[in-house]
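A closer look at the structure
Chain by chain, the residues run as shown.
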Amino acid sequence: MTAVEYGLAYIGFEGFGKIKDIDFADELWCEEISDGITIQGIDFEDGLVHLGTLEEYPCGWECCGTYWEVEEYNLDQLASKGHLGKLIGMMDDVLTAKTGI
């Protein structure tokens, strides 16, 4: 991601956070942003995104089930992982679906 792309994505993230009629965190909860990585939360005020992977308990038995391993990323970290542009695109898709714009 170039500096210009990052700047536009950062501005886009802030802009989506100002839209109060759509709860992007709720709309995108558990949506896959990358192979096996899902959105677990978005904090527009602090510029943080929580991403998670579904992990199996180490015992390996079916009865143990799974749990979410969640990590918090700021926008710089999200961009370095290649997920910031994808997140902005996902938020744009939600906006389009909700408003028809």
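An account of the accompanying structure is given in this report.

**Quick notes on the environment of I33**
Assignment of secondary structure puts I33 in strand β1 (residues 32-34). Taking the C-alpha atoms as reference, I33 lies 7.0 Å from L87; in sequence the two are 54 residues apart.

**A look at the side chain of T38**
Counting through the fold element by element, T38 comes out in strand β2 (residues 37-43). Here Q40 takes part through its side chain, which lies 2.8 Å from a polar atom of the side chain of T38. Filtering out sequence-adjacent residues up to four positions away, T38 remains in contact with C30, E31, E32, I33, H50, L51, G52 and W68.

**Examining the side chain of Q40**
Here Q40 shows up in strand β2. What Q40 contacts, discounting residues up to four positions off in sequence, is W29, C30, H50, L51, G52, W68 and V70.

**With respect to the packing of helix α1 (residues 3-17) against helix α4 (residues 84-99)**
Taken N-terminus to C-terminus, the directions of α1 and α4 make an angle of 40°; their axes are 10 Å apart at the nearest point. When the interaxial angle is binned, α1 and α4 end up oblique. The crossing of α1 and α4 is left-handed. Residue-level contacts link Y6, A9, G12, F13 and F16 of α1 to L84, L87, I88, M91, D92 and L95 of α4. Residue composition of the contact of α1 with α4, by class: nine nonpolar, one polar and one charged.

Calculation rules
Residues numbered from 1 in each chain as written. Predicted model: local features only at pLDDT ≥ 70, side-chain atom pairs only at ≥ 80, totals over all residues. Heavy atoms only, no water. Helix = DSSP H or I, 4+ residues; strand = E, 2+ residues; numbered from the N terminus. Polar contact = N/O pair within 3.5 Å; in protein donor to acceptor, adjacent residues only side chain to side chain. Contact = heavy atoms within 4.5 Å. Axes fitted to C-alpha atoms, helices over the stretch in contact; angles between N-to-C directions. Parallel < 35°, antiparallel > 145°, perpendicular 65-115°, else oblique. Left-handed = near helix turned anticlockwise from the far one by under 90°. Nonpolar A, V, L, I, M, F, W, Y, C, P; charged D, E, K, R; others polar.

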